[in-house]
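# Understanding the architecture of this molecule
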Amino acid sequence: MTDPNLKALQMKAEQLLDAIQALSPRQLPPLSDEPLNRFEWMVAAGRLFLPNYRFEWPQMDWWNDSWFTNYLKRVGELDGFNMDRRWNLWQLMRLIAAVDGDTAECGCYRGASSYLMCKRNEQDTTRTRHHHMFDSFEGLSEPVPQDGTHWYKNALTATEQELQITLAGFEDRYSVYKGWIPDRFPEVADRRFAFVHIDVDIYEPTRDSVAFFYDRLNPGGILLCDDYAFTSCPGATQAIDEFLADKPEKMIWLADGSGYFIKGTAVPFPVSLR
């Protein structure tokens, strides 16, 4: 979300708060300065407008991680909606410490995820990993019927300069392959990978990305799809599920959206019983 959009959202939230406070006291609990009371008040107020929304307890200890908080500030996401998925990526990369291979990201946007991947690669003193990033820098390609109606061509456009600013200090640890997926994949066809992050939102580039990197993931390597199981990204979910239909691996569906599989780890149970 861009800064102007975030400011507009904050203004709307303040207006909404004023409207909520004008409601009958019978509809909301008394409001005090006690944190638990204010959380319960927020939940009660939220359910007036979104009765099916599922609120969660806010006592997440990772919110107190100073390094990660500073990272979120650096990439402009401290007040955004991607914090949980960034934390999950940061933690999942711990699992590849004993896995050989490089890292890659398909759809790097402004580099928030790639920053974490480059940082983990820097921390690993037992091997030298190179990070490979693929992006058109023209936003999304043309959606297809599997993608529904949420996305449109050229949405989520960012510049290569914005990416370079985010990744300042890691210049010798990454390569950028500008172009539409999968046009430049052949340039890394001889590489092996330990971690691949796919974040391209729509069906065709997700399909092409998982098809290319699956055979190049080393055993124990992880493929994480940021868009998996989002209702706004049905095409990305379908592409992954179709590809894995005849494979032993299946996606582990994370509660905050996104999903991953570990290469060589069979998952006998379906993603959902729905």
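The rules behind each value
- Counting starts from 1 at the beginning of each chain's written sequence and moves along it residue by residue.
- Predicted model: local features are reported for residues with pLDDT of at least 70 only, side-chain atom pairs are reported and counted for 80 or more only, and whole-chain, interface and lining totals are derived from all residues.
- Neither water nor hydrogens contribute to the side-chain values; these are computed over all heavy atoms in the structure.
- Paired strands, in this sense, are two strands between which DSSP finds at least two bridges.
- Segments assigned H or I by DSSP are reported as helices when at least four residues long, segments assigned E as strands when at least two residues long, and all are numbered from the N terminus.
- In this analysis, two residues are considered to be in contact whenever any of their non-hydrogen atoms come within 4.5 Å of each other.
- Between the N-to-C directions of two axes lies an angle of 0 to 180 degrees, each axis being a line fitted to C-alpha atoms and, for a helix, fitted only over the stretch in contact.
- Side-chain rings of Phe, Tyr and Trp (the six-membered ring for Trp) are treated as a pair once their centres are within 6.5 Å; stacked means planes under 30 degrees apart, edge-to-face means over 60, and tilted covers the remaining angles.
- Criterion for a charge above a ring: Arg CZ or Lys NZ at most 6 Å from the ring centre, at most 35 degrees from the ring normal.
- Partly exposed residues are those whose accessible area sits between 20% and 50% of the maximum for their type, while under 20% is buried and over 50% is exposed, using a 1.4 Å probe and protein chains only.
- Put simply, a nonpolar core is a bunch of buried Ala, Val, Leu, Ile, Met, Phe, Trp, Tyr and Cys residues held in one set by side-chain atoms that sit within 4.5 Å of each other.

## Here's the deal with the sheet that holds strand 4 (residues 193–198)
Strand order in the open sheet formed by seven strands is 3-2-1-4-5-7-6, and the pairing between neighbours is mixed. Edge positions in the sheet fall to strand 3 (174–178) and strand 6 (252–253), since each has one partner strand and no second. Summarising the sheet, strand 1 (residues 102–106) and strand 2 (residues 131–135) pair through four bridges and their orientation is parallel. Following the sheet pairing, alanine 104 is matched in strand 2 by histidine 132. Those strands touched by helix 5 (residues 112–123) are strand 1, strand 2, strand 3 and strand 4, and its axis lies near 180° from that of strand 1.

## Observations concerning the environment of glycine 221
Relative to the helices and strands, glycine 221 is located in strand 5 (residues 217–225). Distance from glycine 221 to leucine 140, taken between C-alpha atoms, is 27 Å for residues 81 residues apart in sequence. Beyond its immediate stretch of four places on either side in the chain, glycine 221 contacts Val99, Ala194, Phe261, Ile262 and Lys263.

## Quick word on the packing of aromatic side chains
Within this structure, the stated rule accounts for 21 aromatic pairs. Members of the aromatic cluster, joined through ring pairs, are Trp62, Trp63, Trp67, Phe68, Tyr71, Trp87, Trp90, Tyr115 and Phe170. In this arrangement the basic side chain of arginine 216 is found over the ring face of phenylalanine 212, its NZ or CZ atom lying 4.0 Å from the centre. The cationic tip of lysine 247 hangs over the ring face of phenylalanine 243; the distance from NZ or CZ to the ring centre is 4.1 Å.

## Focus on the side chain of histidine 197
Tracing the backbone through its elements, the reader meets histidine 197 in strand 4. According to the relative accessible area criterion, histidine 197 is buried, its value standing at 1%. Apart from residues no more than four positions distant in its own chain, histidine 197 is found in contact with Leu89, Ala104, Glu105, Cys106, Ser113, Met117, Leu224 and Asp226.

## Section: the nonpolar core
Counting residues in each nonpolar core, the largest one holds 31 residues, and the members touching the most others are Phe68, Tyr71, Leu89, Ile96 and Phe195. Secondary structure elements with two or more residues in this core: helix 3 (66–74), helix 4 (83–92), helix 5, strand 4 and strand 5. Setting aside anything within four residues of it in sequence, one finds phenylalanine 195 in contact with Leu89, Leu92, Met93, Ile96, Asp102, Thr103, Ala104, Met117, Leu217, Ile222 and Leu224. The next biggest cluster of nonpolar side chains, apart from the first, holds 24 residues, and it includes Phe134, Tyr177, Val196 and Phe212.

## Description of the environment of leucine 217
Inspection of the secondary structure puts leucine 217 in strand 5. Since its relative accessible area comes to 1%, leucine 217 is described here as buried. Sequence spacing of leucine 217 and alanine 194 is 23 residues, and the spatial spacing of their C-alpha atoms is 5.9 Å. If sequence neighbours within four positions are ignored, leucine 217 has contacts with Arg192, Phe193, Ala194, Phe195, Val196, Ile222, Leu223, Phe261 and Lys263.

By themselves, these observations are geometric and do not establish any function.
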